[in-house]
Amino acid sequence: MNTNTVKISSSNLNLYYGTNHALKDVNLELYTNKITAFIGPSGCGKSTYLKTLNRMNDLVPNVKIEGEVLLDGENIYDQRVDTTLLRKKIGMVFQQPNPFPMSIYDNVAYGPRIHGIKHKAELDDIVEKSLKGAALWDEVSSRLKKSALGLSGGQQQRLCIARALAVEPEVLLMDEPTSALDPISTLKIEDLMDELKEKYTVAIVTHNMQQATRIADHTAFFLVGEVVEYAPTTELFTVPKDKRTEDYITGRFG
Amino acid sequence: MTTRVNYENELNLLNEDIKEMGRMVEHSIEQCFIAFEDQDFEKAEDIIKGDRTINDMERAIEARCLSLILRQQPVAGDLRVVSSALKVVTDLERIGDHASDIAELILRIKGDHVYHVVRHIPAMATAAREMVRCSIEAFITQNIETAKQIEQQDDVVDELFDKVKTDVVDLLKQSTEHIDQCIDLLMVAKYLERIGDHAVNVCEWTEFSKTGALKNVRIL
């Protein structure tokens, strides 16, 4: 059970926004069926790093990326890589729930339709399976044709997770997925993440260190674009090796 | 520089409380042996009464630790300090209890000066008292080197306990006149041996507090 298989690894990853050197020689390995948390102060590069894992930064003007990110050993920055297919494999959930202004059903079916699935029975199956996977089915099964915008914030976020699951990804990237949610919705998402990791590899950016201790198997601490420390979560939060990690997680950071 | 002023204050107060409790326990043990040697029964009574204050202090420190966990969610070095404090107060309290137990025996043994007849009791008392003093010092100053030395000293106390047993057997072979006192002194020796064990525990929690490991094995 304790064996860690590497799902994604980055080596000597550097990222520049114009002249701003935002990621400096990031070497990290994310393990299959584990949750990895990225913590650090605002502007430390943790969200930037998360976005490099499915090439979301490609869309930013003046960005320059060096080094490589391997998914199952294949460099995702290789010119032959189709980013649409890459993002099907590596799904993403954002800080603000962002359901499309359409029905709950259509939100979840959106991705599969884009990838060519047209049969209603097949879509029905995917929608049900995805909503169940996101622990939302019981709450919405009777109103699938209603607008997604009528859901609560927590439900909307789980809908976004269902939408990400609908294209059967292998990795889920979550950028502060609960920071806009109330405590109960937050705990529901955390419980859900614990279930999701049985099927997927999960990476999460969080400002909430207690959240990292509750859910993450491994935690990486970022500071001014560098990974200061990366360790099993219990280790990082009980015996951090680097004084900067200790200072940050204990709140002694000026 | 810190951004958590109240938190720092509470952690400092916890440290002060532990120091204070340590001083109280040390004092209790010291007084115990003065009472024994001088046959000062008033002092023995004071030790028994003083044990309540030590027990109250244990509760107060536990409350402070739980409050810190609840309100501040300490992590890293702070988590180790708070959790080891929670464990150490139990050992300190037990050391205090045993000092009080010995004080009660002093009152029972009253009148008969067999203390020096059981030859190895004074040496055992000195060794145990030194272990307590040094273990508390090691915990407060977070000195694992000292803590490791004290752990080894426990073997000395254990050997002395065996010698006390032999002393008592020899005494009883010579005469049955002091059977009661001999049994009571054997109990004193047993309490001293337990005190040594609790001092070892304090040393082990010093190691945890500093390194996150107990006997070189990481807990988490």
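Residues numbered from 1 in each chain as written. Chains lettered and ligands numbered in written order. Predicted model: local features only at pLDDT ≥ 70, side-chain atom pairs only at ≥ 80, totals over all residues. Heavy atoms only, no water.

**Student:** Talk me through the packing of aromatic side chains; I want residue IDs and the actual numbers.
**Tutor:** Residues and elements named next belong to chain A. The tally for this structure, following the rule as stated, stands at 7 aromatic pairs over all chains. A ring pair is formed by Tyr-248 and Phe-253, whose centres lie 5.6 Å apart and whose planes are at 90 degrees; its orientation type is edge-to-face. The buried category is assigned to Tyr-248, whose relative accessible area is 11%. Classification of Phe-253 by relative accessible area gives partly exposed; the value is 28%. (Phe/Tyr/Trp six-rings, centres within 6.5 Å; stacked < 30°, edge-to-face > 60°. Buried < 20%, exposed > 50% of the residue type's maximum accessible area, 1.4 Å probe, protein only.)

**Student:** Break down the interface of chain B and chain A for me, citing the residues and quoting the values.
**Tutor:** Taken together, the 18 residues of chain B in the interface contact 14 residues of chain A. Between chain B and chain A the total buried area reaches about 1400 Å² when both faces are included, carbon and sulfur atoms providing 52% of it. The interface formed by chain B and chain A contains 3 salt bridges. The salt bridge partner of Glu-8 of chain B is Arg-252 of chain A, with a shortest N-O separation of 2.5 Å. (Contact = heavy atoms within 4.5 Å. Buried area = accessible area lost by both parts, 1.4 Å probe. Salt bridge = Lys/Arg side-chain N within 4 Å of Asp/Glu carboxyl O.)

**Student:** Break down the nonpolar core for me, with residues and values.
**Tutor:** Counting 65 residues, the largest nonpolar core has Ile-102 and Leu-192 of chain B as its most contacted members. Counting only elements with at least two residues in this core, the list comes to helix 1 (5–38), helix 2 (41–72), helix 3 (76–109), helix 4 (121–141), helix 5 (144–174) and helix 6 (179–211) of chain B. Ignoring sequence-local partners within four residues, the contact set of Ile-102 of chain B consists of Cys-32, Phe-33, Val-188, Tyr-191, Leu-192 and Ile-195 of chain B. If you look at the next biggest cluster of nonpolar residues, it comprises 49 residues, including Leu-131, Ala-164 and Ala-216 of chain A together with Val-75 of chain B. (Core = buried A, V, L, I, M, F, W, Y, C linked by side-chain atoms within 4.5 Å. Helix = DSSP H or I, 4+ residues; strand = E, 2+ residues; numbered from the N terminus.)

**Student:** If you had to explain helix 3 (residues 104–114) of chain A to someone new, which residues and values would you point to?
**Tutor:** Burial in helix 3 of chain A covers these residues: Ile-104, Tyr-105, Asn-107, Val-108, Ala-109, Gly-111 and Pro-112 of chain A. In this structure, the buried side of helix 3 of chain A is in contact with helix 4 (120–133), helix 5 (137–140) and helix 6 (153–165) of chain A.

**Student:** Could you give me a rundown of the pairing of strand 3 (residues 35–39) of chain A, with the residues and numbers involved?
**Tutor:** Residues and elements named next belong to chain A. Burial runs high along strand 3: 5 of the 5 residues are buried. Side-chain alternation along strand 3 places Ile-35, Ala-37 and Ile-39 on one buried face and Thr-36 and Phe-38 on a second face that is also buried. Relative to strand 8 (residues 201–205), strand 3 runs parallel, the two sharing 4 bridges. For Ala-37, the partnering residue across the bridge sits in strand 8 and is Ile-204. (Pairing = 2+ DSSP bridges.)

**Student:** I'd like a description of the layout of surface pockets, backed by residues and values.
**Tutor:** Residues and elements named next belong to chain A. Estimated volume of the largest pocket: approximately 510 Å³. For the largest pocket, the lining is made up of 20 residues, of which Arg-87, Phe-100, Gly-111, Arg-163 and Val-167 are closest to its centre. Residue assignment for the lining of the largest pocket shows that the elements contributing at least two residues are helix 2 (83–89), strand 6 (90–93), helix 3 and helix 6. The element that contributes the greatest number of residues to the lining of the largest pocket is helix 2, accounting for 4 residues. (1 Å grid on protein atoms, 1.4 Å probe; cavity = no way out; pocket = protein on both sides within 12 Å on 5 of 7 lines; lining within 4 Å. Points joined across faces, edges and corners; volume = space filled by probe spheres on them.)

**Student:** Describe the sheet that holds strand 9 (residues 218–223) of chain A, and please don't skip the residues or the numbers.
**Tutor:** Residue and element names in this part refer to chain A. Spatially, the 6 strands line up as an open sheet ordered 6-7-8-3-9-10, and their pairing is mixed. At either end of the open sheet lies a strand with only one pairing partner, and these are strand 6 and strand 10 (226–232). Looking at each pair of strands side by side, their axes are set apart by 15 degrees on average, direction ignored. Strands in contact with helix 6 are strand 6 and strand 7 (171–175); relative to strand 6, the strand with the most contacts, it is inclined by about 170 degrees. (Axes fitted to C-alpha atoms, helices over the stretch in contact; angles between N-to-C directions.)

**Student:** Pulling in residues and values, what's your account of the pattern of salt bridges?
**Tutor:** Residues and elements named next belong to chain A. Evaluation of the coordinates by the stated rule reveals 30 salt bridges over all chains. Residues Lys-7 and Glu-170 are paired through a salt bridge, measuring 2.8 Å at the closest nitrogen-oxygen approach. Of the two residues, Lys-7 sits in strand 1 (residues 6–17) while Glu-170 sits in the loop between helix 6 and strand 7, which places them 163 residues apart along the sequence. The structure contains a network of salt bridges with shared partners spanning Lys-7, Asp-72 and Glu-170.

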